[in-house]
Structures are given as C-alpha cells and as structure tokens.
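As a plain string of letters, each chain reads:
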Amino acid sequence: MRFQTLLSGVIALAATVNAYWLEDISHQGVAPFGGDGYTVFRNVKDFGAKGDGVTDDTAAITRAMNTPDNRCLQGCASTTTKPAVVYFPSGTYLISSSIVPPYFTQIVGDPNNRPVLKATANFQGFGLIDGNPYYTENLNWVSTNVFYRQIRNLVIDTTGIAPATAATGIHWPTSQATSLINVEFNMPTDPSVVHVGLFIESGSGGFMSDLTFNGGATGASMGNQQYTMRNLVFNNCQTAIIQLWNWGWTYIGLQINNCQKGIDITAGGSDAIATGSITVIDSSFKDTPVGIISVWQSGSKPDTAGSIILENLSLSNVPVAVQGPSGTVLAGGTTTIAGWGQGHQYTPDGPKSFQGTITPNTRPSSLTGSNGYYSRSKPQYENLATGDIVSARSSGAKGDASTDDTAALQSAINSAASGGKVLFLDHGIYKVTGTLSIPAGSKIVGEGYPIIVASGSTFGDMNNPKPLLQVGAKSGDAGQVEFSDFVVGTQGAAPGAILIEWNLASPAGSPSGMWDVHARVGGFQGSNFQVAQCPKQPGSSTVDSNCIGAYMLMHVTPQASNLYMENTWLWTADHDIEDASNTQITVYSGRGLLIESTVGNFWLVGTAVEHNNLYNYQFVNTKNIFASMLQTETPYYQPTPDATTPFPVVTALNDPDFKASCNGVSGNCANAWGLRVVDSTDIFIYGAGHYSFFNNYSTTCSTVDAGENCQSRIVSIEGSTSNVNVYALNTIGSLSMIDKDGTSLAKWQDNVNVFPANIMLFRTG
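Given the structure is predicted, the values throughout are model-derived calculations rather than measurements.

Focus: the overall build of the chain
- Assigned secondary structure in the chain consists of five helices and 48 strands.
- Since a compact globule built from 765 residues should have a radius of gyration of about 27 Å, the 25 Å found for the chain is in line with a globular shape.
- Along the first, second and third principal axes, the C-alpha atoms of the chain reach 90 × 65 × 50 Å.
- When each of the 765 residues of the chain is scored for burial, the buried share is 63%.
- Restricting the contact set of the chain to residue pairs at least 6 apart, pairs at least 24 apart contribute 72%.
- Carbon and sulfur atoms make up 49% of the accessible area of the chain, which totals about 23,900 Å².
- Across the chain, 36 positive and 56 negative side-chain charges occur, with their mean positions spaced 4 Å apart.

Focus on the nonpolar core
- Core analysis: the biggest nonpolar cluster contains 99 residues, and Tyr148, Leu469, Phe483, Trp502, Met554 and Leu604 have the highest contact counts within it.
- A total of five residues in this core trace back to one element, the largest contributor, which is helix α4 (residues 406-418).
- If we ignore the near neighbours within four places in the chain, the residues touching phenylalanine 483 are Ile438, Ile444, Leu469, Val471, Trp502, Gly513, Met514, Trp515 and Val517.
- The next biggest cluster of nonpolar side chains, apart from the first, holds 67 residues, and it includes Ala64, Leu198, Tyr227 and Val322.

A closer look at the state of the cysteines
- Under the criterion given, the structure shown has four disulfides.
- Note on cysteine connectivity: cysteine 534 is disulfide-linked to cysteine 547, with sulfurs 2.0 Å apart. Judged by the sign of its S-S torsion, about -100 degrees, the cystine formed by cysteine 534 and cysteine 547 is left-handed. Of this pair, cysteine 534 sits in the loop between β33 (512-521) and β34 (548-556) while cysteine 547 is found in the loop between β33 and β34, placing the two residues 13 residues apart along the sequence.
- Under the relative-accessibility criterion, cysteine 534 is labelled buried at 2%.
- Sulfur-sulfur distance for the disulfide between cysteine 701 and cysteine 710 comes to 1.9 Å. Disulfide cysteine 701-cysteine 710: the torsion about the S-S bond is 90 degrees, which places it as right-handed.

Looking at the packing of aromatic side chains
- This structure, assessed with the given rule, holds 35 aromatic pairs.
- When the ring of tryptophan 247 is compared with that of phenylalanine 693, the centres are 6.3 Å apart and the planes differ by 45 degrees; the resulting orientation is tilted. Here tryptophan 247, found in strand β13 (residues 239-252), pairs with phenylalanine 693, found in the loop between β43 (681-691) and β44 (715-718); they are 446 residues apart in sequence, far enough to count as distant. Each member of the pair, tryptophan 247 as well as phenylalanine 693, carries the same accessibility label: buried.
- Each ring, one from phenylalanine 626 and one from tyrosine 686, has its centre 5.4 Å from the other, and the planes form 40 degrees; the classification is tilted. Of this pair, phenylalanine 626 sits in strand β41 (residues 623-633) while tyrosine 686 sits in strand β43; the two residues are 60 residues apart in sequence, bridging distant segments of the chain. Residue phenylalanine 626 shares its accessibility class with tyrosine 686, and that shared class is buried.

Structural notes on the pattern of salt bridges
- Summed over the entire model, instances satisfying the criterion amount to 15 salt bridges.
- For aspartate 282, the salt bridge identified is with arginine 363, shortest N-O distance 2.8 Å. In this pair, aspartate 282 is assigned in strand β16 (residues 277-286) and arginine 363 in the loop between β20 (352-357) and β21 (368-369), connecting sequence segments 81 residues apart.
- Given the relative accessible area of 5%, aspartate 282 is considered buried.
- Linked by salt bridges that have partners in common, Arg152, Lys378, Asp485 and Asp516 make up one network.

Considerations on the side chain of glutamine 380
- Positionally, glutamine 380 belongs in the loop between β22 (372-373) and β23 (389-391).
- You can call glutamine 380 buried: its relative accessible area is 9%.
- The contact partners of glutamine 380, leaving out residues within four places of it in the chain, are Tyr20, Trp21, Pro111, Arg152 and Asn153.

Things to note about α4
- Look at α4: 18 Å from first C-alpha to last across 13 residues, which is about the 18 Å you get at 1.5 Å a residue.
- Three or more residues of α4 are buried, namely Thr406, Ala408, Leu409, Gln410, Ala412, Ile413, Ala416 and Ala417.
- The elements touched by buried residues of α4 are β23, β24 (400-404), β25 (422-425), β26 (429-432), β27 (436-438) and β28 (443-446).

Focus on the confidence of the model for the chain
- Across the chain, pLDDT averages 96, with 98% of residues at or above 70.
- Long-range and interchain partners of residues 1-17, a stretch whose pLDDT sits below 50, account for zero contacts in this model, where long-range means more than four residues apart.

Description of helix α3 (residues 58-66)
- Listing the buried residues of α3 in full gives Thr58, Ala60, Ile61, Ala64, Met65 and Asn66.
- On its buried face, α3 is in contact with β1 (41-43), β2 (52-56), β3 (84-88), β4 (92-99), β5 (105-109) and β6 (116-130).

As for unusual backbone geometry
- Cis geometry marks the peptide bond from threonine 347 to proline 348, where omega comes out at -10 degrees.
- For proline 348, the position within the fold is in the loop between β19 (327-346) and β20.
- Each neighbour pair has its own omega, and for threonine 645 with proline 646 the value is 5 degrees, a cis peptide bond.
- Among the structural elements, proline 646 can be located in the loop between β41 and α5 (658-661).
- One non-glycine residue, asparagine 562, lies in the positive phi region at around 60 degrees.
- By secondary structure assignment, the location of asparagine 562 is in strand β35 (residues 561-566).
- Judged by relative accessible area, which is 5%, asparagine 562 ranks as buried.
- Of note, the phi angle at aspartate 679 is positive, near 50 degrees, even though the residue is not glycine.
- Examined against the element boundaries, aspartate 679 turns out to sit in the loop between β42 (673-678) and β43.
- Assessed through its relative accessible area of 30%, aspartate 679 is described here as partly exposed.

Focus: the sheet that holds strand β47 (residues 743-747)
- Taking strand neighbours across the sheet as the criterion, the 10 strands line up as β27-β30-β32-β34-β37-β40-β42-β44-β46-β47 in an open arrangement whose pairing is mixed. Strand pairing shows two members of the sheet lacking a second neighbour, β27 and β47, which therefore form its edges. Here the strands of the sheet are splayed against their neighbours by 15 degrees on average, with no regard to which way each runs.

Quick notes on the environment of aspartate 57
- Its place among the elements puts aspartate 57 in the loop between β2 and α3.
- Here the alpha-carbon distance between aspartate 57 and leucine 313, two residues 256 residues apart in the chain, equals 43 Å.
- If sequence neighbours within four positions are ignored, aspartate 57 has contacts with Gly48, Ala49, Lys50, Gly51, Thr92, Tyr93 and Leu94.

The rules we used
Position labels on residues start from 1 in each chain and follow its written sequence. Given that the model is predicted, a residue must reach a pLDDT of at least 70 before its local features are reported, and side-chain atom pairs must reach 80 or more before they are shown or counted; all residues, however, enter totals for whole chains, interfaces and linings. Excluded from the side-chain calculation are hydrogens and water; included are all heavy atoms of the structure. Put simply, DSSP H or I for four residues or longer makes a helix, DSSP E for two residues or longer makes a strand, and each gets a number counted from the N terminus. Radius of gyration: over C-alpha atoms. The globule rule applied is 2.2 Å multiplied by the number of residues raised to the 0.38 power. The classification of residues rests on relative accessible area computed with a 1.4 Å probe and restricted to protein chains. Under 20% of the type maximum is buried, over 50% is exposed, and intermediate values are partly exposed. For this analysis, residues touch if any pair of their heavy atoms sits within 4.5 Å. Here the open area of atoms and residues is found with the Shrake-Rupley method and a 1.4 Å probe, where only the protein chains shown may cover a residue. Residues counted as positive are Lys and Arg, residues counted as negative are Asp and Glu, and His and the chain ends are not counted. All charge positions are set by atom: Lys at NZ, Arg at CZ, Asp at CG, Glu at CD. Residue types Ala, Val, Leu, Ile, Met, Phe, Trp, Tyr and Cys, when buried and joined through side-chain atoms within 4.5 Å, form a set referred to as a nonpolar core. Any two cysteine sulfur atoms within 2.5 Å of one another count as a disulfide. Only Phe, Tyr and Trp rings are paired, with Trp represented by its six-membered ring, and only when their centres lie within 6.5 Å; those with planes under 30 degrees apart are stacked, over 60 edge-to-face, the remainder tilted. Any carboxyl oxygen of Asp or Glu within 4 Å of a side-chain nitrogen of Lys or Arg constitutes a salt bridge here. A helix's residues, less one, multiplied by 1.5 Å, set its expected span. The score called pLDDT rates the predictor's confidence residue by residue, from a low of 0 to a high of 100. Pairing between strands requires that DSSP locate at least two bridges from one strand to the other. Fitted lines through C-alpha atoms serve as axes, helices being fitted only where they are in contact, and the angles separating the N-to-C directions of these axes extend from 0 to 180 degrees.

Below is the structure:
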C-alpha cells in the first residue's frame, strides 16, 4: 500500500512537472468585438480530440479552430476581432484532411512534449495545415495581407501517406507578424518520395526559426518577397530547399545534412532568373554532393538576379559548394568558406560585377556568440509552473477596449517583476491613459497578440511626447527585460505617443529581448483609425489631425544597450484590416525605429518598419548593430502631403530636414527614408528591402517601365559614418538606391533584379 501510494505520488509529481503552464492556467482572454461569450483559448481536447494515435481527430480540431462558425474563413478578407489560440496537448492527432486555421489564429503545442499531427493513409488536402486555402483558383486571403498568426511546438508527420503520393506538411503563404517556430517535419525517405515539408508560393514575410525537416523530396519549396530564416535543419531530403522566387532571403544557422542537393535557385533559367538573392551565414552543409545550384552567369537576366553571399559556411564532405550552368563555380570539400559571393558590388563605388572570394565582415566580439552572431530563440518558460504566472485580468485589468487599465496593468507589471514571475497578458485591448513603467526583471507574454493602446490627453501633445511603455526609468538603467507575443498601438489621435521607449542597459552576456512584439497604429476595430474616420484622400495635402496616430513607434535612447529583437513589425496601417475590401486609409506616424545608443549592441532579426512620415529606420550616433532582412515601405500618401508635414523637425532627435536636404534634388525628394544612418559605425546588415510602391496611392511609379520614380532617395548615409556593410540591398520605386551626404552612389537602372534593384555587396570602408 505504501509502495502504491509512493508510486502514485511520483506519477502525480511527474505530471505536474511536465505539464506546460499554458495548458493549466485559467484562461480569461476577451475579444471585445467578438460577440458575447466568444472564447479566445481553445484546447483541442475540449472539442473532442483524443490525440491517441488511433482516432481521426480532424472534425474535433476543425471545431476548435472554427467555433463559432463566423470566424474569418472563406470570403472573409481579414479581421482582428475574432482571435484564437488553439492549443494541442501532447499526443498523436490523426487527421484525414487539411486543418485550416482562420485568420488571426495561433496554433500552439506543448513544448515539453511536442504533439504530433499525423496524416492518415487516405489523407486529402493541400497541407496537413493549410494556412491559406484555394477555395477557388485564388488564395482565400491576399497573401501580402495575412498577418498575426503563428504555429509553434508541433511535429508534422506525412509518413503514413504513400511516398509516391503527393503530400505537403504546411502550406504557408503569409506576410509580416507571422512565424513558424519549433516545428519538425517527418516525411518518408524512400527514393520514390514526392512529399514536400513546407510550401510557400507568395506573400511578404516574415520569419521562421528552429525547424527540422527529415526526409521528403523537398524539405521546403518557397517563394515570397523576403524572409529571415534561422536555425533550419534538413536531414536526408532529396533537395533541402527550392527557391521558387524571391526578392531577398537570409538564412542564419542553416544546417543541411545528407541531402542530394542543398539550395536550388535555378527557377526560371539563366534568361529569366526568378530568385533575387540568397544570403547564407553561420551555417553548415554536410554529406551533400552539391551545396547550392545556380544559373547565374555572365549575361544572365535580370542583371543582378541569382545573387549570392556566403559568410562563415562550414562544409564537410560537400564536393561542390556552388554549381553553375556550366559546372562547378566554387569547389567544396571539407572546409570553411569565410566569404564568397556573386552579383553587383559597390565599395563604395560601383557597380562592379563579381563572382568569387570576398573579405568577410569583421564582427565585433560584442555581437557574436558561440558560432557566429548572437541569437536566442523565443523563451516559452516551459519549465515554469502555473504559480509562476501572473494574469493581467486576474490583477484587475479588463482588456475591453474602453476601461482605463493603466493602474491595474502597472500593478500587475510591478507585482510580477518583484516576485520574479511572468506577466501573462490575457487577450484583450488594454486602454492606457498614461505611461506604463517596465522595471528591470520584467517578463511579459501575450495570449494571441493582445494589444495595449495609448489613449487620451497624455499622448496628445506633439511638442511634449510621452512613452506608452517605458522600459527602464532613465537611459542607462541596468537590468534585463523580456517581451513576447503582444502588440502596442494607439486609440484615437495620439500625436505625442512614443509606443516603446527603451532605456535599459542590459548585461553583455544576457541581452534583453523582444520576440513577436509588434506595433500597430490604426486599421483595427478599437483604434478609431479606420475607413470611417481616416479614409484616404488622394490628391489632398490636408492633414486630418484626428488621424495622427503616433509620434514615434520605438525609441532606443543614448545609454541603452544589448537588445535582441526578433520578428518585430512596427506598422502604421495602410489599410483597414476589418474592412471587407481591405480599403486603404491615411494614418500618420512621425517616426519609426530610432536607435541612438552610443553604447550599441543591437540585433534586429527579421524586423520590419513601415509607413512612417520622416523615416522608418534611423541609426544615429550608434555602433555595433546586426540586422537581417530589414524591410520598409514609404507611406502611400506621400508626396501629397510630403514628409515636411505634419511633423516638424526636432533637432534633438536628429530628424531629417527635408526642406534643407532636398534643395536641388529633382523628383519626389521629401519622402520618408527607408534607412538613415548618421554618425555611426560598425553596422552589419544581411539583407534589406526598402520599398516605395506608391505616389499618392498610385502604383504607376514603381515599375521598371515607369522608371522607378516614386521617390528620389530611400537610403542615406551621413556624417562621420564608417564601416557600414550591407549585403543584399534591395530597393523598389527609388531613383537612387543609396546616398552618401546627399550624393547618390547607386542608381536603380544599373542594378535591375527580378522586381527590385539589387546591390549584393555594399561597403563604406
């Protein structure tokens, strides 16, 4: 009896230790505009799924995804009003047809024992998870407007399907603020296999990390505008990666093991190359006959398509590192490629066509880790117990979009930080009327992208801006903070709102982090910046003061340091997400991301900043920045009004003065900078896409035939700036690709690529 009692106790303790806290906490998330009784968190087992490896769980999982029946699926353009977190406890879930997650859905599995989604032998559908189905000949959602979704902690298993029968693990044509994290794809290894692990045909991504592909004909077959992908592992695939098309793609920590081919970028052939460029760093290929297959050669078209950069690539038994249309371009073996590339270069003069060894970037030790640049996967706190979690709603916050939650949220933040606990931001729209102070030691995790919105008079004065979130009381305060899976924004006019002010100086060995944390100004219900309030007004330069949504999206102050940002999208909305036609709107935000830390050490991994009036990214008086695939868009309304309106120049912030700098510059000069670097050093950018698609809401300016003349300039390097290194710089719609102190260094027509213009290697020296 004693033995049985002891055994029962051990089993109970083991179950407690292994249970993921997200499964066991009380779920109180609210969707203020989702209707009475709407449920945000859904455990698939509560809807009848068994996860026993025997029962067909398709119908039960579908109920968990779609209840109630008016979630955003067929015929729905997009919405933020009906979010869901669909949770899978550990187990094996058999499915016989595709699981289709509606818009604004997160799929989360137990990270301690990842659940398996396994296809039956008679499986029907395009993807075990079909993230954007073809109900007609077109995708259900416009892929460039699919935001705010993720899948993490799953195993996708197609081994039950006959190898020679077509099968896809995940179909994922999506865009910003989306991610796949900690997912394993298991496929047959039979020579006849035709399975594909991940298929993407379009979109504007994006970020993925910590994915493993085992077996299959192709691990990942992908086409999208741009991506950062980190820590992808391919084992025993016939071809690890096929690039269907892209504008630019950055791979970090890529591992390809025992595949027949590594990366295939031959789509389109030498006369119509479809891949803009790939950048591969801190990676390894092993026991693979050919690492990269390319069709780039002298005279291939477009001129700069098929460009490549390799930096710190370890080869083990890889006979051919790069193969071209006429044979071996770069021999392999067992070696490390310090630096190699092909494409156009400016150092800083150009263009010069190159194919061969390059000098790799000299990396500051403060930016590096054990095998390359420092990185850290999103913490999920899987070893914590429910008692280590503090709920915002249990602490008195409502999240109903109307109650002032300032005091309740501040109390919850303080309580969690002082107790060494994690603040769980239950889903909701949290209205805040004053600055929230985030002390060192804070860890804040959102449920399904809740949003904290600045509202009221505190944020109403452009001449006296105030932060919504103030991380550290003053610049240089010591400590560490971790944010994940939530959004910040504004509700109603907020011309004085700085959404995030980052003051914290974190330890060199333990940087602070932001993972899947986004800014969204306008375009959603509860923002008061929708079609009804802020319709676009083509041809009018009149600014509606009620549509000024923010002063700045994020400010990293002079003494802050050591911040890691991953998959962060700072977006001033160009359209109304709730509108059935995704109708465009006009909302004004003054500035995007300003980093003016004199200390430096920042990692921007798969970040994007869009539609801000003066600039999207600005680095001033700073140093030691690593960035992968920066992405920006110029506001669609510019140049009517242009960037001189409605935000006056603030000299203390080193704002660009377009009235002065545009003197003598033809074309649309006073448009937002995509990237501006001033008096800074040691900047390392591994992929960047700076796009200007519109001239006062018309896209006729952004094509090659039109002359790429939406604006005059888009990237600027100014002052005593040195050692700026950019791999894979892509621009669209700008006459000049990059300027130094007001002088153009590169023109788009000299560097034509698949749609953007591309410079594969730029250095200031």
